[in-house]
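Take a look at the letters that make up each chain.
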Amino acid sequence: MRLGHVSDLHLSDRGRYPRNGHVPRDCDKYSVRLAQRVLEGLEQAGIDHLVVTGDLTLSAEASEFERAAKLLRRFADAGKLTIVPGNHDVWTAESVKTARFLRMVGPDGKGMRVAEATYPFAALPSPEVAIVALDSSQYGEDPHETPGMLGSSQLQACRELVREQVKEGRAVLLALHHHLILPRERIRSDAMVAHMPLLDADKVIRMVSDVRVAGVLHGHRHCAFRIDIPGAAGPTPVLCAGSASRVSDVPVRRARGYVYEVDRGGIRSVRPVFPPLD
Ligand SMILES: [Fe+2]
Ligand SMILES: [Fe+2]
């Protein structure tokens, strides 16, 4: 099957800022038009399913979730969408109290009338492939300093889901927002991320070495990279999609999405899809 992956759309409602620690200029770093064109490119590539690994919004405002739901609607309506939340989707106390992410977008882009604990769960976009969707987002009073975390019960449930799906003969991909590991050359430029790591990344890395995970998809860093880590089934790709809406000429930061060819044996190919240059 052909799987699409985008992340960090950071859709914003510019007229509402300054608020939530952001100023209007922060909105200009991202372009909904670029995100639209990346999604069009993925559709043209013939993807069977789309994974969005969080940070759909800039600061979890209701109008921003509305924009995200609208942008992704055709994938949601077709039942071809799996979404995990990012730290920006739980940016404010109010957004968390009202379960805004789950109600307005949720795990499949359709939103939930009654928000219920949802993650982790296994999505089955093809008979050969399972996506285990994880929630690493955590609310904190200072969101700029709040790390991500999966927690021991979610990690345990994840491990069981992976085992079940492997038993069914499927390739299993994990989808979460936060990165597990940074490439050496990005550590200096991504120093900010020291404030918002995934606290239990080491436990995910250990899980990948114990149970057969075919790949890990994430975002959070607005640059694209791939690191292969030792896995129970051999070297396992950990893929950061960067931001699908970032306005940047720096090659690793350019807005993009990814297309993966996946079958029972794992990820066979990885191809970036860029919006056409104006
Ligand atoms: Fe982000
Ligand atoms: Fe993030």
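See the structure shown above.
Here the residue numbering is sequential within each chain, running from 1 through the sequence in written order. Chains carry letters from A onward and ligands carry numbers from 1 onward, assigned in written order. The predicted origin of the model limits local features to residues at a pLDDT of at least 70 and limits the giving and counting of side-chain atom pairs to 80 or more, whereas totals for whole chains, interfaces and linings rest on all residues. With hydrogens and water stripped out, all remaining heavy atoms of the structure feed into the side-chain values.

What follows deals with the overall build of the protein chain. Numbering goes from the N terminus for both helices and strands, where a helix is a DSSP run of H or I of at least four residues and a strand is a run of E of at least two. The helix and strand tally for the protein chain stands at 8 helices and 11 strands. The globule rule is 2.2 Å times the number of residues to the power 0.38, and the radius of gyration it is compared with is taken over C-alpha atoms. Over its C-alpha trace the protein chain gives a radius of gyration of 17 Å, about what one expects of a compact globule, namely 19 Å for 278 residues. Going through the 278 residues of the protein chain one by one, you find that 59% of them count as buried. What makes two residues a contact is simply this: any of their non-hydrogen atoms within 4.5 Å. Intrachain contacts of the protein chain at a sequence separation of at least 6 include 70% that bridge at least 24 residues. Taken as a whole, the protein chain presents about 12200 Å² of accessible surface, with 49% of it coming from carbon and sulfur. Only four residue types enter the charge count, namely Lys and Arg as positive and Asp and Glu as negative; His and the chain termini do not. By convention, the point assigned to a charge is CZ for Arg, NZ for Lys, CD for Glu and CG for Asp. Charged side chains in the protein chain number 37 positive and 34 negative. The centres of these two groups are separated by 3 Å. Think of it in three bands: with a 1.4 Å probe and only protein chains considered, a residue is buried below 20% of the maximum accessible area for its type, exposed above 50%, and partly exposed in between. Areas reported as accessible are Shrake-Rupley estimates using a 1.4 Å probe. Residue values count occlusion only from the protein chains shown.

This part is about the coordination of the iron ion (ligand 1). Protein-derived ligands of the iron ion (ligand 1) are Asp8 (OD), His10 (NE2), Asp55 (OD) and His222 (NE2), with the metal-ligand distances lying across 2.0 to 2.2 Å. Note that water is not among the atoms used; donors are N, O and S atoms within 2.8 Å of the metal (3.2 Å for Na, K and Ca), so sites may look incomplete. Here a site with four donors is tetrahedral if all angles are between 85 and 135 degrees, and a site with four or six donors is square planar or octahedral if opposite donors are over 155 degrees apart and the other angles are between 65 and 115; anything else gets the irregular label. Coordination geometry of the iron ion (ligand 1): the 4 donor atoms subtend angles of 88 to 177 degrees at the metal centre, consistent with an arrangement described as irregular.

Residues spaced three or four apart along an α-helix point in a common direction, a consequence of the helix completing one turn every 3.6 residues. Within the span of helix α3 (residues 62–71), buried status applies to Ser63, Glu64, Phe65, Ala68, Ala69 and Leu71. Those residues of α3 that are buried lie in contact with α2 (32–44), α4 (73–77) and α6 (100–104).

It is worth spelling out the packing of helix α7 (residues 152–167) against helix α8 (residues 201–210) at this point. Closest axis-to-axis distance for the α7/α8 pair is 11 Å, and the angle between their directions is 20 degrees. By the angle class used here, α7 and α8 are roughly parallel. The element α7 and its partner α8 pack so that their crossing is right-handed. On α8, the residues that touch Leu155, Cys158 and Arg159 of α7 are Lys203, Val204, Met207 and Asp210. Looking at the contact of α7 with α8, its residues break down into 4 nonpolar, no polar and 3 charged. Axes here refer to lines fitted to C-alpha atoms; in helices the fit is confined to the stretch in contact. Angles between the N-to-C directions go from 0 to 180 degrees. An angle counts as roughly parallel when it lies under 35 degrees, as roughly antiparallel when it exceeds 145, as roughly perpendicular when it falls between 65 and 115, and as oblique in every other case. With the far helix as reference, a near helix turned anticlockwise by less than a right angle produces a left-handed crossing, and one turned clockwise produces a right-handed crossing. When residues are sorted by character, Ala, Val, Leu, Ile, Met, Phe, Trp, Tyr, Cys and Pro go into the nonpolar class, Asp, Glu, Lys and Arg into the charged class, and all the rest, Gly among them, into the polar class.

Any carboxyl oxygen of Asp or Glu that lies within 4 Å of a side-chain nitrogen of Lys or Arg is treated as forming a salt bridge with it. All chains considered together, the criterion is met by 13 salt bridges. The partner of Glu61 in a salt bridge is Arg16, with the nearest N and O atoms 2.7 Å apart. Of the two residues, Glu61 is situated in the loop between β2 (49–53) and α3 and Arg16 in the loop between β1 (2–6) and α1 (24–27); the sequence distance between them amounts to 45 residues. Across the salt bridge formed by Glu61 and Arg19, the nearest N and O atoms sit 3.6 Å from each other. Here Glu61, found in the loop between β2 and α3, pairs with Arg19, found in the loop between β1 and α1; they are 42 residues apart in sequence, far enough to count as distant. The class of Glu61 is buried, set by a relative accessible area of 5%. Relative accessible area serves as the criterion here: at 32%, Arg19 is assigned to the partly exposed category. Where salt bridges share partners, they join Arg16, Arg19 and Glu61 into one cluster.

Summarising the metal site, the iron ion (ligand 2) is bound by the protein donors Asp55 (OD), Asn87 (OD1), His177 (NE2) and His220 (ND1), whose distances to it range over 2.1 to 2.2 Å. Given 4 donor atoms and angles of 85 to 161 degrees at the metal, the environment of the iron ion (ligand 2) is assigned as irregular. Site description for the iron ion (ligand 2): donor spacing in sequence, D-x31-N-x89-H-x42-H. Here the iron ion (ligand 1) and the iron ion (ligand 2) are spaced 3.4 Å from one another, each receiving a donor from Asp55. In this pair, Asp55 is assigned in the loop between β2 and α3 and Asn87 in the loop between β3 (81–84) and α5 (93–97), connecting sequence segments 32 residues apart. For the pair Asp55 and Asn87, a shared accessibility class is recorded, and that class is buried.

On to the sheet that holds strand β9 (residues 236–241), then. An order of β4-β5-β6-β7-β9-β8 is seen for the 6 strands of this open sheet, with the pairing classed as mixed. For this open sheet the edge positions go to β4 (121–126) and β8 (224–229), each flanked by a neighbour on one side alone. Ignoring which end each strand starts from, the neighbouring axes of this sheet average 20 degrees apart. Pairing analysis gives 5 bridges linking strand β5 (residues 129–133) to strand β6 (residues 171–175), with the strands arranged parallel. Pairing of Val129 across the sheet is with Ala171, part of β6. Where α7 meets the sheet, it contacts β4, β5 and β6, and its direction lies at approximately 155 degrees from that of β6. One bridge is not enough; two strands pair if DSSP finds at least two bridges between them.

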